[in-house]
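Next come the chains, spelled out residue by residue.
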Amino acid sequence: QVQLVESGGGLVQPGGSLSLSCAASGSFFSIGGMGWYHQAPGKQRELVASISRGGSTNYADSVKGRFTISRDNAKNTAYLQMNSLKPEDTAVYYCNADITTGGLLRRYWGKGTQVTVSL
């Protein structure tokens, strides 16, 4: 069974940094694109950043210049380095990945990790 597990969330002061990780485990053929979304209370889930298997990246305007997405294909892991954090970055952060298993391509989601930016 394929699973995505996020780690690295927590409480940080404004201007601080956090690094999130998303590791895929289980039996699968390949991982395509991976991404990070966030969802604040009362709001819809929104894309933060995405990365293709080849390393092409895409960012939400609100995080450009502050967040960096990366991946290690050998470790089946994606990362999100978050710098200059703002209170409005507070949300649950979810990882997703497009994974091929049993000949089928499907998008998987992690359970999320809380990021709180506050004094």
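In case you missed it, the structure is sitting above this.
Here goes a summary of the coordinates provided.

Calculation rules
- Residues numbered from 1 in each chain as written.
- Predicted model: local features only at pLDDT ≥ 70, side-chain atom pairs only at ≥ 80, totals over all residues.
- Heavy atoms only, no water.
- Helix = DSSP H or I, 4+ residues; strand = E, 2+ residues; numbered from the N terminus.
- Buried < 20%, exposed > 50% of the residue type's maximum accessible area, 1.4 Å probe, protein only.
- Lys, Arg positive; Asp, Glu negative; His and termini not counted.
- Salt bridge = Lys/Arg side-chain N within 4 Å of Asp/Glu carboxyl O.
- Polar contact = N/O pair within 3.5 Å; in protein donor to acceptor, adjacent residues only side chain to side chain.
- 1 Å grid on protein atoms, 1.4 Å probe; cavity = no way out; pocket = protein on both sides within 12 Å on 5 of 7 lines; lining within 4 Å.
- Points joined across faces, edges and corners; volume = space filled by probe spheres on them.
- Nonpolar A, V, L, I, M, F, W, Y, C, P; charged D, E, K, R; others polar.
- Core = buried A, V, L, I, M, F, W, Y, C linked by side-chain atoms within 4.5 Å.
- Contact = heavy atoms within 4.5 Å.

**A few points about the side chain of Glu-6**
- Within the fold, Glu-6 resides in strand E1 (residues 3-7).
- Buried and unpaired, Glu-6 has no salt bridge, with Arg-45 as the nearest side chain of opposite charge at 7.4 Å.
- Reaching out from Glu-6, the side chain makes a polar contact with the backbone nitrogen of Cys-95 at a distance of 2.8 Å.
- Of note is the side chain of Glu-6, whose polar atom sits 3.1 Å from the backbone nitrogen of Lys-111.

**Digging into the layout of surface pockets**
- Considering only enclosed or pocket space, the largest pocket measures out at about 200 Å³ in volume.
- Every residue lining the largest pocket is listed: Gln-1, Val-2, Gln-3, Leu-4, Val-5, Glu-6, Arg-106, Tyr-108, Trp-109, Gly-110 and Lys-111.
- Looking at the lining of the largest pocket, the elements with two or more residues in it are E1 and strand E10 (104-109).
- Examining the composition of the lining of the largest pocket, we find that 4 residues originate from one element, E1, more than from any other.
- Looking at side-chain class alone, the lining of the largest pocket contains 5 nonpolar, 3 polar and 3 charged residues.

**Section: the nonpolar core**
- Of all hydrophobic cores here, the largest spans 31 residues; its most connected members are Trp-36, Leu-80, Met-82 and Tyr-93.
- If you list the elements that add at least two residues to this core, you get strand E3 (18-25), strand E4 (30-39), strand E5 (46-51), strand E7 (67-72), strand E8 (77-82), strand E9 (91-101) and strand E11 (113-117).
- Aside from chain neighbours lying at most four places away, what touches Met-82 is Gly-16, Ser-17, Leu-18, Leu-20, Arg-66, Phe-67, Tyr-93 and Val-115.

**Thoughts on unusual backbone geometry**
- Unusually for a residue other than glycine, Asn-76 sits at a positive phi of about 55°.
- Structurally, the position occupied by Asn-76 is in the loop between E7 and E8.
- By relative accessible area, which is 24% here, Asn-76 ends up partly exposed.
- Here the phi dihedral of Ser-84 falls at roughly 50°; this positive angle occurs in a residue that is not glycine.
- Its place among the elements puts Ser-84 in the loop between E8 and E9.
- For Ser-84, a relative accessible area of 41% gives the class partly exposed.

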